[in-house]
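For reference, the chains in residue letters:
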Amino acid sequence: MSESRAAKGTHEVHEAHAHPGFVRTYIFSTDHKMIGRQFLFMGLFMLIIGGLMAMLIRWELAFPEKPLPIIGASKEFIDTGEPKTSMDQTWAEWLSKPESEQNWLTKNMPMGAITAPLYNSLFTMHATLMIFFVVMPIMVGGFGNFLIPLTIGARDMAFPTLNMLSFWVGLLSGIIMLASLFVPGGPAAAGWTSYAPLTAKVEYTGVNWGQNLWCISLIVMGISSLMGSINYITTIINMRAPGMTFFRMPLITWSLFITAILLLLALPVLTSALAMLLFDRMLGTHFFLPEGGGEPILWQHLFWFFGHPEVYILVLPAMGVTSEVLSVFSRKPIFGYRGMVFAMTAIAFLSWVVWGHHMFVSGMNPLIGATFMMTTMVIAVPSAIKTFNWLGTLWGGSIRFTTPMLFGLAFVSNFVIGGLSGIFMASTPVDIFIHDTYYIVAHFHYVVAGIIFAIFAAITYWFPKMFGRMMNETLGKIHAILTFIFFNATFFPMHILGVGGHMRRIFNPMQYEFLHPLQPINVFISISAFCLGAVQLIFLFNFIWSLFAGKRADRNPWHANTLEWTTPSPPPHGNFDKIPTVYRGPYEYSSPEVAEDWLPQDRRLETTTAKGAH
C-alpha cells in the first residue's frame, strides 16, 4: 500500500510548521506524540486523585467513623471537648464559625471523620475517575495517539487539528468532573453506574448539581472519545506505510483499532442515556420515572449496553501492550498471531450481547437470563485463547525479566484470576447470591484495576521512545514486585468477604452483627491498600527523576522489531526521515535469516525482497 494523499498532505503541513514555538509545541500541539504525552499526564494526575479517594474508602471500612490520622481530632477532644493537640485547636476554631463560613473539610469530614454522604461520593467518584479519566486517557488517548502513527509508518494522525481538540475537550470534561467536588450538595453519590430512578430526582440522593455535572462531564468526554476514535480508524485504514498490511500490524495497533470501533459504537449509547437522565433531572421529563410513564429499568439496559463493551475498551489495549512486551522479552514470535487478532475481534463482537448478565437480579425472564448466561460463558473462549497464546509465547523463550516484562506477567496472572471469577458470575443462580457483595468488587478490580499493570508495562516499555531517556531498572523492578504483592493482598481477600455476604457500598460494616467476624479481613485489606498506595511513590520518583536525569536512550534499547523503534528517541516532528517500507510481520525474533535475535520490520534482506512491499 502506498502512502495516501492524506499522509502526504499532513507531511507538507508539518514541514511548514517544523518550528511552531512553545505554545504550539507543548500546549496547542497538533503533533500526535505531544497529544499522547498530554493524555498520559492528565491520566496520571487523575490516578493520584482517584488513588487518594481509594485510601479514604479503605480507611472508613477498616476503622469506621474514626478520624483520619494527622488531620483528625484526638479521641480526648471528641470525648471531652478539651483540645489536646494543635489539630484539635484547629478543629475547635473551624467548628466555632457559623455554618455559612465553614470550610469544605468541616462540612464533609467533621473532626476529620468521613461521613456517610462523603463516603457515597468517594466510591462514586473513585470509580468514575479511574474508568473514564485514568485508564481511557492513558491507554486509549495516551498510547493510542503516541503509537498508532509510529507503528504503521505514518507521519501523524489523519486529522491533527481534530486530534488536538479531542485532548482539550477531554481535559474540559475532567475539569467539569473535578469541579463537581466543590458544588453545594457535593459530587455524584449514586455509584459509577448512577442507576435511575435513584439519580433521576434530586431528593432521592440529596445531590443536585454534583450529579448534573457528572452527566455533563461524561457527555463532553464522549464527544472527545468520538473525535479520537474517528481519527484512529481513519489513520489506520488510510495511512499505513508501504508493505504494512493489516496482518503485519503489531497487536497493540490491532487492539487500539478494535477499541476505536467499540468507542465509536458504544459511546453514543451512553451519551444518549446521559442526556435523557439530565432531561429527567432538569426539564421534568420521565424517561426513567414510573410516575410519569417512564421505565425504571431502561437506564440499566442503556448503561450496560454501553458498559460491557466499555470493559473491553479498557482491557483490549492492555492485552495489546502485554502481547508486545511478552514477545519482545521472550525473544520469540507471538504464539498464534492471527488467532490473537481473531480473538480480539470475537471479544469485541460478543461484548455487545452480554449486557444482561449485569441485570440478573432485575427480575428478567429466566429464559432471557439463561440466554445471557450462555453468551457470557462463550466470551470466555476468546479470552482463554489469548491467555493460552501468551503462555505459548513464553514457553521455551529466552525470557528477560525486565521491568516491562514483570508488569506484563503480572497483568496475565491477575487477568486469569479475574477471568476465572467472572465465570462464576456468568451463572445466574450464583450471581443472584454474590451480586451485591464484595465478590463483585474483587472480580472487577482484578480485571479493570489489574490494567494498572499493563499501564506500568506500557510506560516503562515506551518511556525511552516517548522521552528519550531510560527509567531506572532497579527501582522499576522493586516497584513491580511490591505492587504485585500488595495488589493481591488487597483484592484477593475481597472474594472471601463476598462469599461471607459482605455488601458492596456499605458505609459502616460494623452496623451488622453478622459482618463482625469479617472485620479483621477488612483491616488487613486496608493496610495492604495503604502499602499499595505507598509503593506508588517509588514509581512517581522514578518517573520524574528519569524525565530529567535518566540515562539517554538510543533508538532501540529493547532490540524490538516494530517501526517506532527505527526512529530516534524521542522521534522528531514528522517521525520518519523517509516513510519506511515494511517487509515482514512485527514479531520476527530469533529468525534464522539474521545473526541477531531481532529483525526489524523495515530491514530489507535479499532473501525476503521478493516478499516485500506490495
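To keep things clear, this report deals only with the structure shown in the data block. Numbers given for residues are sequential positions, taken from 1 along each chain in its written order. Only residues with pLDDT of at least 70 are given local features in this predicted model, and only at 80 or more are side-chain atom pairs given and counted; all residues enter the totals for whole chains, interfaces and linings. Neither water nor hydrogens contribute to the side-chain values; these are computed over all heavy atoms in the structure.

## Here we look at empty space enclosed by the protein
And step 1. A pocket here means an open set of points on a 1 Å grid, computed over the protein atoms alone, that has protein on both sides within 12 Å along at least five of seven lines. A cavity is instead a set of points where a 1.4 Å probe fits but cannot get out; residues with an atom within 4 Å of a point line either one. Grid points are joined across faces, edges and corners, and a volume is the space filled by probe spheres set on the points. The tally for this structure, following the rule as stated, stands at three cavities of 30 Å³ or more.
And step 2. Put simply, the largest cavity is a space of about 210 Å³.
And step 3. Lining the largest cavity we find 20 residues, and of these Phe39, Met136, Gly141, Ser224 and Ser225 sit closest to its centre.
And step 4. Secondary structure elements follow DSSP: runs of H or I no shorter than four residues count as helices, runs of E no shorter than two count as strands, and numbering proceeds from the N terminus. Breaking the lining of the largest cavity down by element, the ones donating at least two residues are helix 3 (32–62), helix 7 (116–152), helix 8 (160–179) and helix 10 (209–238).
And step 5. Of the residues forming the lining of the largest cavity, the biggest block, seven residues, is contributed by helix 7.
And step 6. Taken together, the residues that form the lining of the largest cavity break down as 10 nonpolar, 10 polar and no charged.
And step 7. Size it by volume and the second largest cavity reaches roughly 50 Å³.
And step 8. Lining the second largest cavity we find Thr403, Thr460, Pro464, Met470, Met471, Asn472, Glu473, Gly476, Asn542 and Trp558. Each residue receives one of three labels: charged for Asp, Glu, Lys and Arg, nonpolar for Ala, Val, Leu, Ile, Met, Phe, Trp, Tyr, Cys and Pro, and polar for the others, Gly being one of them.

## Overview of unusual backbone geometry
And step 1. Residue Pro197 is reached from Ala196 by a cis peptide bond, and omega for that bond is 5°.
And step 2. Omega for the peptide link from Ser569 to Pro570 comes to -5°, which places this bond in the cis form.
And step 3. Tracing the chain through its elements places Pro570 in the segment after helix 22 (519–549).
And step 4. One non-glycine residue with positive phi stands out, namely Ile70, at about 70°.
And step 5. Relative to the assigned elements, Ile70 resides in the loop between helix 3 and helix 4 (75–80).
And step 6. One non-glycine residue, Arg331, lies in positive phi territory at about 55°.
And step 7. Considering the arrangement of structural elements, one finds Arg331 in the loop between helix 12 (298–330) and helix 13 (337–350).
And step 8. A relative accessible area of 2% places Arg331 in the buried class. Note on classification: 1.4 Å probe, protein chains only; a residue is buried when its accessible area is under 20% of the maximum for its type, exposed when over 50%, partly exposed between these limits.

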